[in-house]
Amino acid sequence: MDFRDDEIARLERARAGGITSGEVVRLFGEKGVRLSAATFRKYVQVGLLPRSRRVGRKGKHTGSTGLYPVSVVRRIALIKRMMAEGYTVEDIRGSFVTVRNRLEDVEKGLQELVEELTRKARVHPRRRQFEDELVRAEREVRKALDRIEKVGGAVATVTAEAVEA
């Protein structure tokens, strides 16, 4: 079973600060999808997932926790789908990473633009109308980006055998 877009969106809102690798492994386990901590680490090591950012824990001598963007849930789900279709880690890494990195740049720019426009809309006489329209527009753009990610990951992942055929 896969994660629905609304589940990931809810998770992204709830865990905007990040998510631990253990939580990601647990989430996939709850969905009946096999993902071990070792596999998660391998995906990070080969560049399929971003490295964590270290965040200190409260209290003396408690160390730090590695947090990942919640988008790793979406990315792992895509990696799993592509592997089920027969793509290798190398196939995915060779193309998926490029597509995903570019999409993350677009998503970051989108977020900044929406935040700026929302601030301006709050002082506009037609505030409610513009705020509602921004919410709808952002939702539509995010759905489009999800579709581009799915298609882009598959299209950009072309094995040498497929090119020669």
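A separate point is the confidence of the model for the chain. For the chain, the mean per-residue pLDDT works out to 83, and 87% of the residues sit at or above 70. Mean pLDDT across the elements of the chain bottoms out in helix H7 (residues 160-164) (50) and peaks in helix H2 (residues 21-30) (93).

Mapping Glu131 onto the fold places it in helix H6 (residues 127-156). By relative accessible area, Glu131 is classed as buried at 14%. Those residues in contact with Glu131 that lie beyond four places of it in its chain are Ala121 and Arg122.

A separate point is the packing of H2 against helix H4 (residues 71-84). The N-to-C vectors of H2 and H4 enclose an angle of 50°; their axes lie 11 Å apart at closest approach. Judged by the angle between their axes, H2 and H4 are oblique. For the pair H2 and H4, the sense of crossing is right-handed. Here H2 contributes Val24, Leu27 and Phe28 to the contact with H4, which in turn contributes Val72, Val73, Ile76 and Ala77. Tallied by class, residues from the contact of H2 with H4 come to seven nonpolar, no polar and no charged.

Turning to the packing of aromatic side chains, a few remarks are in order. Counted according to the given criterion, the structure contains one aromatic pair. Between the aromatic rings of Phe40 and Tyr68, the centroid separation amounts to 4.9 Å while the plane-to-plane angle is 80°, which identifies the pairing as edge-to-face. On the criterion of sequence distance, the pair formed by Phe40 in helix H3 (residues 37-45) and Tyr68 in the loop between strand E2 (64-67) and H4 is long-range, its members being 28 residues apart. Overall, the relative accessible area of 1% leaves Phe40 in the buried class.

A word on H3. Among the residues of H3, those classed as buried are Phe40, Tyr43 and Val44. The buried residues of H3 occupy one face: seen down the axis, they fall within an arc of 100°. For H3, the secondary structure elements touched by its buried residues are H2 and H4. A positive phi of about 90° marks Gly47, the residue just after H3.

Cut-off values and rules
Residues numbered from 1 in each chain as written. Predicted model: local features only at pLDDT ≥ 70, side-chain atom pairs only at ≥ 80, totals over all residues. Heavy atoms only, no water. pLDDT = per-residue confidence, 0-100. Helix = DSSP H or I, 4+ residues; strand = E, 2+ residues; numbered from the N terminus. Buried < 20%, exposed > 50% of the residue type's maximum accessible area, 1.4 Å probe, protein only. Contact = heavy atoms within 4.5 Å. Axes fitted to C-alpha atoms, helices over the stretch in contact; angles between N-to-C directions. Parallel < 35°, antiparallel > 145°, perpendicular 65-115°, else oblique. Left-handed = near helix turned anticlockwise from the far one by under 90°. Nonpolar A, V, L, I, M, F, W, Y, C, P; charged D, E, K, R; others polar. Phe/Tyr/Trp six-rings, centres within 6.5 Å; stacked < 30°, edge-to-face > 60°. Arc of directions from axis to C-beta.

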